[in-house]
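# Results of the structural survey
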Amino acid sequence: RPVSLRRLLHSTHWERALICMFLAMLELVRLQAVLLHQPTQLGDILIKKTDGFDLIFAEQGQTRDDWR
């Protein structure tokens, strides 16, 4: 179920946490783990997990294990 980006970022109270949350969201979009949709011009942006969300993180987890 889609979540409002504005609502998600609004619940973050510290500036550094807000920046980290935004960068993490951009990374999730880059990995194609989430989709962003803006139904109306200048409207709220909605975030939704893709069908392959769990698979993407499983693949990323295997990559990170090489660093141990």
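This structure is a prediction, so every number in the text was calculated from the model and none was measured.

### As for the overall build of the protein
Per the secondary structure count, the protein includes three helices and three strands. Helices and strands in the protein line up, N terminus first, as β-α-α-β-β-α. Within the protein, contacts between residues at least 6 apart in sequence are counted, and of these 36% link residues at least 24 apart. Of the accessible surface of the protein, which amounts to about 6,100 Å², a share of 58% is contributed by carbon and sulfur atoms.

### Focus: the sheet that holds strand β2 (residues 34-37)
Pairing within the open sheet is antiparallel, and its three strands lie in the order β1-β3-β2. Here the strands that pair on one side only, and so sit at the sheet edges, are β1 (3-4) and β2. Relative to strand β3 (residues 46-49), β1 runs antiparallel, the two being bridged by two bridges. If you follow S4 over to β3, its bridge partner there is L46.

### Quick look at the nonpolar core
Membership of the largest hydrophobic core is limited to 10 residues, which are L5, L9, M25, L28, L31, A33, V34, I47, F53 and I56. When contributions to this core are tallied by element, the ones reaching two or more residues are α1 (5-10), α2 (15-30) and α3 (53-65). Apart from the residues within four sequence positions on either side, V34 is in contact with M25, L28, V29, I47, K48, K49, T50 and F53.

About the thresholds
Residues numbered from 1 in each chain as written. Predicted model: local features only at pLDDT ≥ 70, side-chain atom pairs only at ≥ 80, totals over all residues. Heavy atoms only, no water. Helix = DSSP H or I, 4+ residues; strand = E, 2+ residues; numbered from the N terminus. Contact = heavy atoms within 4.5 Å. Areas by Shrake-Rupley, 256 points an atom, 1.4 Å probe, with all protein chains shown as cover. Pairing = 2+ DSSP bridges. Core = buried A, V, L, I, M, F, W, Y, C linked by side-chain atoms within 4.5 Å. Buried < 20%, exposed > 50% of the residue type's maximum accessible area, 1.4 Å probe, protein only.

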